[in-house]
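# Structural overview for review
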Amino acid sequence: MNDKNIQFYTDNAHSLIAQYDQVHFESVHKDWLSHIPAQGMVLDVGAGSGRDARYLSDKGLSVVAVEPAEKLLEAAKVNPENRNIHWLRDALPELNQVFALQVKFDLILLSAVWMHIAPSSRERTFRKLSSLLKPNGKMVISLRHGECRDERTMHPVSASELAQYASQFGLTCQLLTQHRQADQLGRSEVNWETVLLTLPDDGTGAFPLIRNIVVNDSKASTYKLALLRTLLRIADGHPGAVTERTEQHVCLPLGLVALYWLKLYKPLVDQYDMQQNSSNTKGLGFIKPAGWLQLTSFANNDFYIGANYQQASIASAVRQTLKDIARTIRDMPAKYTTLPGTYDAVFHVDIPRTIKEMPARYTTSPGMSDAVFNVDIAQRQPVTDELILDFDFLQSFGNFYVPKHIWDALTRYSVWIEPALINEWASLMAGYGKNKERQFSKLDYLNALTWDDPQRTTARVRTRVNSLLAQEAVSCCWSGKPLRGAKYAIDHAFPFSRWPNNDLWNLLPARTTINSQKSDRLPSRIRLSKSKELILHWWQQAWDDNKTEFFTQAAFALPSIQPHSENYDDVFEAMSLQRDRIKDFQQLEDWG
């Protein structure tokens, strides 16, 4: 809040207190009364007359009441007797006194405050406030709409702006007022909305730990964010990648982790040439002459599960690149991602002797020295001229262990975690010297961090459909009607916008009109079941000559398929189960 506004509240303290106190808490805040916690700590930012702080204290809550206007604060402090309220003179966006308390809150209230925050300061303000929430903590922000008829400075506000910040910093956002509410003080030109923001928690502490790594952990490079996003992409898109599950951890093929790391960094390094660490002179540890630098002409979509590299030099370069990445992961992000306040790694990587010492080893849990991830590297397969990125090859690099509660959180909360990861990664890159010199925009960073290009990867399936149409009939997998000429679409059975997967089993030929009707909706269980024979026929028609890639992709992406299975019915059953998982996690609208 600027000095001009603070001075207004100081000069008019007496009249404002009378004005505020004539309206009861339940009237002003009726939209969120059910969200008041039964116990815990509350932060009231912009406490004004202390009306709200007193009410919440009377509910048995411990309240920290913050007010920047000295006369308002002094008057408010006179009223409470025997109430558990701690008064602070402090102001947004710094809140230095609040942060000095080293307290997390169950509820943060900003009542009639947000319109005073300049738009240029809002992202920073939101970030700082969100960092003060406990797991499952809630932040309530009232939004004032309408002109200001005195000398205070007020800025336009919107619920959509708060929803954007919530996405960036890993909170959920809910607009509690379906229609704007009339002003309780009778000002016809003023109306209000209330937004509820929540820091999710599954009860295990995994989500707050992940969020701490993303938002608060120190970072000299983008490696920690890359490791988390790699694991998130695998957790979200490849439930079948788990080779072992215990009460303590899940085990992934280390080669798969390295592959997704490669896909993330390829556009950043080779296409956009964006600096990825704080040193203007030191390069990235996984970029080596015999590996990465032999593959600069390749795009990230050239590297995928089931890919076949028949040229010996390319196969060797891919093999060496994944090996270099695995070592970097062990020796850097896994090693240095630690539990808050400790040297204990969150992740542990145990690689066969040549691979195992970097990111996984140093990613630790808060307050501990135990690695979060563990990597166990296996004996190498014999090197051949041809290379297929199949299960056996990716497993040959060793094992990467992720604590089970972290894995479960990455799986269930990916829709909230990934935007926060992307935002933090973009902000980190924006602070590096060479990137500043090149004057990259925020849009440039976000484009470079875009996960995939679905148009490019559907082109291959379209080519396959065209080659089949020249010889035989190809049917729409949803209607059974034959496709005519080029008037068809390649449909992501599970919508790419919500579950980015370009595997062969997920790409189905469909009539253009049906694909448009389906859009980004999830096929209903009944619709999928009715289309079973059509889908099975397409899979066999298109991919019987390419079973290794088809079944390798299915085994990694879908639950409960054995690594070397070649049974189309098993794939369909696993696809049906994955449909239910996506529906449960993301609550997508059904189609058909």
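Residues numbered from 1 in each chain as written. Predicted model: local features only at pLDDT ≥ 70, side-chain atom pairs only at ≥ 80, totals over all residues. Heavy atoms only, no water.

### So, the overall build of the chain
Formally: Put simply, DSSP marks the helices as runs of H or I at least four residues long and the strands as runs of E at least two long, and each gets a number from the N terminus on. Buried, partly exposed and exposed residues are distinguished by accessible area as a fraction of the type maximum, computed with a 1.4 Å probe on protein chains only: under 20%, between the cut-offs, and over 50%, respectively. Contacts are residue-level and defined by heavy atoms, with any inter-residue pair within 4.5 Å sufficient. Each accessible area value is a Shrake-Rupley result obtained with a 1.4 Å probe; residue values ignore everything except the protein chains displayed when judging cover. In this tally Asp and Glu are treated as negative and Lys and Arg as positive; neither His nor the chain ends contributes. Every charge is mapped onto a representative atom, which is NZ of Lys, CZ of Arg, CG of Asp or CD of Glu.
When you go through the chain residue by residue, the secondary structure sums to 24 helices and 19 strands. Projected onto its principal axes, the C-alpha coordinates of the chain cover approximately 85 × 55 × 50 Å. Looking at the 592 residues of the chain, the share that counts as buried comes to 55%. Sequence separation of at least 24 residues holds for 72% of the intrachain contacts in the chain that already meet a minimum separation of 6. Working note: accessible area of the chain is about 24,900 Å², and carbon and sulfur atoms make up 46% of it. Separation of charge centres in the chain, based on 65 positive and 66 negative side chains, amounts to 2 Å.

### Considering unusual backbone geometry
In this structure, Pro93 follows Leu92 across a cis peptide bond, with omega equal to 5 degrees. Position of Pro93 among the secondary structure elements: in the loop between strand E3 (85-88) and helix H6 (96-100). Here Asn136, not a glycine, exhibits a phi torsion of approximately 70 degrees, which is positive. Here Asn136 shows up in strand E5 (residues 133-145). Under the relative-accessibility criterion, Asn136 is labelled partly exposed at 43%.

### Some words on the packing of helix H11 (residues 254-271) against helix H12 (residues 312-331)
Rules: Every angle, taken between N-to-C directions, lies between 0 and 180 degrees, and every axis is a line fitted to C-alpha atoms, over only the stretch in contact when it is a helix. To sort the angles, those under 35 degrees are grouped as roughly parallel, those over 145 as roughly antiparallel, those from 65 to 115 as roughly perpendicular, and the leftovers as oblique. Side-chain classes follow a simple rule in which Ala, Val, Leu, Ile, Met, Phe, Trp, Tyr, Cys and Pro form the nonpolar group, Asp, Glu, Lys and Arg form the charged group, and the remainder, Gly included, forms the polar group.
Where H11 meets H12, the axes come as close as 9 Å, and the angle between the chain directions of the two elements is 100 degrees. Regarding the angle of H11 to H12, the classification is roughly perpendicular. Taken together, the residues of H12 that come into contact with H11 (itself represented by Leu254, Val257, Ala258, Leu259, Trp261 and Leu262) are Thr321, Leu322, Ile325, Ala326, Thr328 and Ile329. Each residue belonging to the contact of H11 with H12 can be placed in one class, and the counts come to ten nonpolar, two polar and no charged.

### Some thoughts on the environment of Arg122
Applicable threshold: In the analysis that follows, any N or O atom pair within 3.5 Å is treated as a polar contact, provided that within protein one partner can donate a hydrogen and the other can accept it, and provided that, for residues neighboring in sequence, both atoms belong to side chains.
Structurally, Arg122 can be placed in helix H7 (residues 119-130). Distance from Arg122 to Ser142, taken between C-alpha atoms, is 14 Å for residues 20 residues apart in sequence. In contact with Arg122, other than residues within four places in its own chain, are Trp114, Met115, Ile117, His155, Pro156, Val157, Glu161 and Tyr165. Within the structure, the side chain of Arg122 is placed 2.9 Å from the backbone oxygen of Pro156, a separation counted as a polar contact.

### Quick notes on helix H24 (residues 568-586)
Basically, it comes down to this: Take the residue count of a helix, subtract one, and multiply by 1.5 Å to get its expected span.
For H24, with 19 residues, the first-to-last C-alpha span of 26 Å sits near the 27 Å given by 1.5 Å per residue. Those residues of H24 not exposed but buried are Tyr568, Val571, Phe572, Ala574, Met575, Gln578, Arg579, Arg581, Ile582 and Gln586. Its side-chain oxygen at 2.8 Å from the backbone nitrogen of Asp569, Asn567 defines the N-terminal cap of H24.

Functional significance is not addressed by these values, which are geometric in nature.
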